[in-house]
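Residues per chain are reported as follows:
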Amino acid sequence: MIKVNFFIDGFNLYHSLRNHAADCRWLDLRLLCSKFLKDDEELGDVYYFTAYTHWNIDRMAKHRKYVAALVANGVKPILGKFKEITRKCYLCHRTYTTHEEKRSDVNVALFLYQCAIKNEFDRAVIVSGDSDMIPAIEMVKAEYPEKKVGVMVPFGHMAREIRNSADFQLKMKLSHLEDSRLPEKVKTTGGIVEAPENWLPEQKKPAP
């Protein structure tokens, strides 16, 4: 069997879901990836690259729940960090402070290359529309031409540049997302975690 590993750019996927399929955010990533396998392929490791928004406690709590649910379903999270940066508004010329996620593209490159060295996959799929992933794709293609690196751009994005860099492309459809939701409650090693409000369709608010 041909072994396929998936490398998921968590924030690229999340922003796609938030903008185009908000009620699919409670997403079973291994189940989603399995829907793109051919008859002669088997699912290997699914890596999820992300970082916690430490300055937003509520958002971070939801994210931690989701990561716990993913781990319970066999996904391997790789955590980066956010860096506080100062930018200037081009309209009012004032400076302001914001946060920028760091390390995910570097982590994808490192894990993709490391898995190739260890011969842990025959095919790899990068789930992202970010052109920063292109050097990682080109590096593995150059060093390990027998291995194929594909790309699956998150739903609602075009990202022609990264598509053109890959050996093959997979198309994510809304139906794939709707059929790959986690159950509302997931049993983890730390207890039961429940999908955040509005992450699933027609999810009702908890009783006061």
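The structure reproduced in this document is the subject of the present report. (Residues numbered from 1 in each chain as written. Predicted model: local features only at pLDDT ≥ 70, side-chain atom pairs only at ≥ 80, totals over all residues. Heavy atoms only, no water.)

Right, let's get into the pairing of strand 1 (residues 2-9). The buried count for strand 1 comes to 6 of 8 residues, which makes it a mostly enclosed element. One ladder, built from 7 bridges, connects strand 1 with strand 2 (residues 41-50); its direction is parallel. Looking across to strand 2, one finds that Phe7 is bridged to Tyr47. As paired strands, strand 1 and strand 6 (residues 123-127) are joined by 5 bridges and run parallel to one another. Note on strand 6: the bridge partner recorded for Phe7 is Ile126. (Buried < 20%, exposed > 50% of the residue type's maximum accessible area, 1.4 Å probe, protein only. Helix = DSSP H or I, 4+ residues; strand = E, 2+ residues; numbered from the N terminus. Pairing = 2+ DSSP bridges.)

With that settled, the discussion passes to the sheet that holds strand 1. Within the open sheet, the 6 strands sit side by side as 3-2-1-6-7-8. Their pairing is parallel. Both edges of this open sheet fall to strand 3 (76-79) and strand 8 (168-171), since each of them pairs with a single strand only. Between one strand axis and the next, the sheet turns by 25° as a mean value, whatever way the strands run. The sheet contacts of helix 1 (residues 10-20) involve strand 1 and strand 2, and relative to strand 1 the element is tilted by about 70°. Strand contacts of helix 4 (residues 104-117): strand 1, strand 2, strand 3 and strand 6, with the helix running at about 150° to strand 2, the strand carrying the most contacts. (Axes fitted to C-alpha atoms, helices over the stretch in contact; angles between N-to-C directions. Contact = heavy atoms within 4.5 Å.)

The next thing to look at is the pairing of strand 10 (residues 191-194). In terms of strand pairing, strand 9 (residues 185-188) meets strand 10 through 4 bridges, oriented antiparallel. Bridging across to strand 10, Lys187 finds its partner in Ile192.

Now for the pattern of salt bridges. Throughout the structure, instances matching the rule amount to 5 salt bridges. With its nearest N and O atoms 2.2 Å apart, the salt bridge here joins Arg123 to Glu41. Separated by 82 residues along the polypeptide, Arg123 in strand 6 and Glu41 in strand 2 bring together distant segments of the chain. By relative accessible area, which is 10% here, Glu41 ends up buried. One salt bridge in this structure joins Asp45 and Lys76, with 3.3 Å as the shortest N-O distance. Highlighted residues: Asp45 in strand 2 and Lys76 in strand 3, separated in sequence by 31 residues. (Salt bridge = Lys/Arg side-chain N within 4 Å of Asp/Glu carboxyl O.)

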